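So you can see what is in the structure, the chains are spelled out below.
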Amino acid sequence: MAAEKQVPAGGGGSSSGGSGGGRGAGGEENKENERPSAGSKANKEFGDSLSLEILQIIKESQQQHGLRHGDFQRYRYLLLVLMDAERAWSYAMQLKQEANTEPRKRFHLLSRLRKAVKHAEELERLCESNRVDAKTKLEAQAYTAYLSGMLRFEHQEWKAAIEAFNKCKTIYEKLASAFTEEQAVLYNQRVEEISPNIRYCAYNIGDQSAINELMQMRLRSGGTEGLLAEKLEALITQTRAKQAATMSEVEWRGRAVPVRIDKVRIFLLGLADNEAAIAQAESEETKERLFESMLSECRDAIQAVREELKPDQKQRDYTLEGESGKVSNLQYLHSYLTYIKLSTAIKRNENMAKGLQKAVLQQAPEDDSKRSPRPQDLIRLYDIILQNLVELLQLPGLEEDRAFQKEIGLKTLVYKAYRCFFIAQSYVLVKKWSEALVLYDRVLKYADEVNSDAGAFKNSLKDLPDVQELITQVRSEKCSLQAAAILDTNDSHQTETSFQVKDNKPLVERFETFCLDPSLVTKQANLVHFPPGFQPIPCKPLFFDLALNHVAFPPLEDKLEQKTKSGLTGYIKGIFGFRS
């Protein structure tokens, strides 16, 4: 109630402020909005001309305050009339995200968009002053037309929306042609943002050709974002579904296969558009997004076919009409989709390899600021490609297709040659000249095999890396390698001569002196003198017992006499009990 009481006190121009809760600051907002036009006395204190970089401020504010991560709520709290419009617009975008799960918030979304348009119109009115330069006036008009177009777009008022978007586009195109290249980039970016909206409005008005342009816009950008994203995705899906209803079969390698699964039909109908968009993509980032999107759709289609296939492995291996080697139509369709998936993965990895190859061959040798690409990174990519080619050879239904087997074999040789080349490059980096030379010869061997067998398959090999270019490069690298090996040998010899052993002392006698002795790692290493020389040593002393000759032994006659008496007579006495 306090907010409602403040509205009349602030002036009749702010009557829409009561559309939401928490309007305690509504009167101050209205006063702020009216302040620039409050009187001529304040205007005279400033200079003759005012300028405001409206679009640049918007873009910088959006990037710095949450929109880089899609956080519209964070962006709502900013400045004055322009920021009030941006605040209302960002709140509307936040509500649009939440409206996917809470449809009731759509009414609040429309209310905030109306609020944003009102603030933009107020900004345009303020810019009509003679003190504002022509550029700012045009930007204010374009900004108002942009927000008005978005509001009409949400109301599905297609004619009014396209008129507003076209006005916005015309102004920004004129501004882009009138100012610097840096500013023109910003204006052209906004023109690209609203172009899909214009084509979508045209389609809903009745221009059926607009759908093709919308699909191309979506594919070139790798997907859409913002206000149009959900509507455009739904429209493209609906259009392809209508076209899929008329699609009954697909032909691959001379065999027609019926297609009854809607998800597979929709994927196959968009296949040519996806491939064309990848070929026309302007940046590597966009191309990578398109590859990922196409692979994701292909995996979904393969999963749909798998669900139709019976889990029994024998059922998958049944032949059609008793013909040997001819699998069922559903299994053959699965092979076709798997072929598309593997071929797309190979093209994506090859595209990544091309970018890494340029970086490896052109990188500065002493650039330690960041981790630079290495030949090992390329080797890993070519390993993945070769694994994909092995999986292609194992597709059911193509075992007896000799032309297919030969084509995949030639592609394998091409990628093996490039893999071998970068393995050799990795050996060159660690100065293993012999190993690198052997690998370069292996590259030439693979390349010669490709050239000798590629006669009937030149059309299928034209999209592969150029083998002739690789041969030329390998020959050049071999010459450089031989020169580097010779120089490395000379450098090693010069280093050794300065520390060369100048005497024949064994190692045990020169521990305190550093010198390079190549013989130490051979079987004739000079470690010690062997056999060792004779040296005098003290011998063990001899001891002689000289005192023995002067020793007098005690007499023993009495002991000997007693022993004699106790002979046979004593024995007899002992028997008969006679004791002395």
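Residues numbered from 1 in each chain as written. Predicted model: local features only at pLDDT ≥ 70, side-chain atom pairs only at ≥ 80, totals over all residues. Heavy atoms only, no water.

Taking an unreviewed UniProt entry as the reference, the chain is identified by name as Signal recognition particle subunit SRP68 belonging to Balaenoptera musculus. In the Function (unreviewed entry) part of its UniProt record, the chain is described as follows: "Component of the signal recognition particle (SRP) complex, a ribonucleoprotein complex that mediates the cotranslational targeting of secretory and membrane proteins to the endoplasmic reticulum (ER). The SRP complex interacts with the signal sequence in nascent secretory and membrane proteins and directs them to the membrane of the ER." Reading the Sequence similarities (unreviewed entry) entry of the UniProt record for the chain gives the comment "Belongs to the SRP68 family." (UniProt positions renumbered as here; feature names shortened; annotations may be inferred.)

(A) Spatial organisation of the packing of helix α12 (residues 262–280) against helix α13 (residues 284–308). Contact geometry for α12 and α13: axes closest at 10 Å, N-to-C directions at 160°. Taken together, the axes of α12 and α13 lie roughly antiparallel to each other. Between α12 and α13 lies a crossing of left-handed hand. Each of K263, V264, F267, L271, N274, E275, A277 and I278 in α12 lies in contact with α13, whose residues at this interface are K287, L290, F291, M294, E297, C298, D300, A301, A304 and V305. Classifying every residue of the contact of α12 with α13 by side-chain character gives twelve nonpolar, one polar and five charged. (Axes fitted to C-alpha atoms, helices over the stretch in contact; angles between N-to-C directions. Helix = DSSP H or I, 4+ residues; strand = E, 2+ residues; numbered from the N terminus. Parallel < 35°, antiparallel > 145°, perpendicular 65-115°, else oblique. Left-handed = near helix turned anticlockwise from the far one by under 90°. Contact = heavy atoms within 4.5 Å. Nonpolar A, V, L, I, M, F, W, Y, C, P; charged D, E, K, R; others polar.)

(B) Seen up close, the pattern of salt bridges. Taken as a whole, this structure holds 18 salt bridges when the rule is applied. Across the pair K105 and E98 runs a salt bridge whose closest N-O atoms are separated by 2.6 Å. Because the salt bridges share partners, they merge into one network encompassing E53, K135 and E139. (Salt bridge = Lys/Arg side-chain N within 4 Å of Asp/Glu carboxyl O.)

(C) Region of interest: the pairing of strand β1 (residues 249–252). The alternating pattern of β1 places V250 and W252 on a buried face, while none of E249 and E251, on the opposite face, is buried. Two elements, β1 and strand β2 (residues 255–258), share four bridges in a ladder whose sense is antiparallel. Bridged to E249 within β2 is P258. Counting the residues in the hairpin turn of β1 and β2 gives two residues, including R253, whose phi is positive at 55°. (Buried < 20%, exposed > 50% of the residue type's maximum accessible area, 1.4 Å probe, protein only. Pairing = 2+ DSSP bridges.)

(D) Structural detail: helix α7 (residues 134–154). In a regular helix each residue adds 1.5 Å, so 21 residues correspond to 30 Å; α7 covers 31 Å between its end C-alpha atoms and thus fits that length. Buried residues dominate α7, accounting for 16 of its 21 residues. Just downstream of α7 lies Q156, where phi reads positive at about 60°. (Expected span 1.5 Å × (residues − 1).)

(E) How the structure looks around the nonpolar core. V264, L268, L333, L337, I340 and L392 are the most contacted members of the largest nonpolar core, which totals 75 residues. Of all the secondary structure elements, the ones that give two or more residues to this core are β1, α12, α13, α15 (329–362), α16 (375–393), α17 (402–429), α18 (433–453) and α20 (467–498). Considering each element in turn, this core owes the most residues, 13 residues, to α17. For L337, the residues in contact, after removing those within four places along its chain, are V264, F267, L268, C298, A301, I302 and V305. W89, L113, C127 and I162 belong to the second largest nonpolar core, which has 49 residues in total. (Core = buried A, V, L, I, M, F, W, Y, C linked by side-chain atoms within 4.5 Å.)

(F) Focus on the environment of T338. In this structure, T338 sits in helix α15. By relative accessible area, T338 is classed as buried at 12%. Along the chain, T338 and C298 lie 40 residues apart, while their C-alpha atoms are 8.2 Å from each other. Contact partners of T338, with chain neighbours within four places excluded, come to I302 and L395.

(G) Highlighting the packing of α7 against helix α8 (residues 158–178). Two elements in contact, α7 and α8, have axes separated by 8 Å at closest approach and are oriented at 155°. In terms of their interaxial angle, α7 and α8 are classed as roughly antiparallel. The handedness of the crossing between α7 and α8 is left-handed. Looking at side-chain class alone, the contact of α7 with α8 contains 16 nonpolar, three polar and four charged residues.

(H) Layout of the packing of aromatic side chains. On inspection of all chains with the given rule, the structure shows twelve aromatic pairs. Put simply, the rings of Y382, Y415, Y418, F421, F422 and Y440 pair up and form one aromatic cluster. Seen from the ring of Y146, R190 lies directly overhead, with NZ or CZ sitting 4.2 Å from the centre. A cation sits over an aromatic face here: R255 above Y332, 4.4 Å from the ring centre. (Phe/Tyr/Trp six-rings, centres within 6.5 Å; stacked < 30°, edge-to-face > 60°. Lys NZ or Arg CZ within 6 Å of the ring centre and 35° of its normal.)

(I) Here's a closer look at unusual backbone geometry. The omega angle of the peptide bond from F530 to P531 is -5°, so this bond is cis rather than trans. You can see P531 is positioned in the loop between α20 and α21 (557–565). Phi is positive for R253, which is not a glycine, with a value near 55°. Its place among the elements puts R253 in the loop between β1 and β2. A positive phi angle, close to 60°, is found at K431, a residue other than glycine. By the secondary structure assignment, K431 is in the loop between α17 and α18.

(J) Up close: the side chain of K59. With respect to the helices, strands and loops of the structure, K59 is situated in helix α4 (residues 54–64). The class for K59 is buried, based on a relative accessible area of 14%. If we ignore the near neighbours within four places in the chain, the residues touching K59 are L186, R190 and E193.

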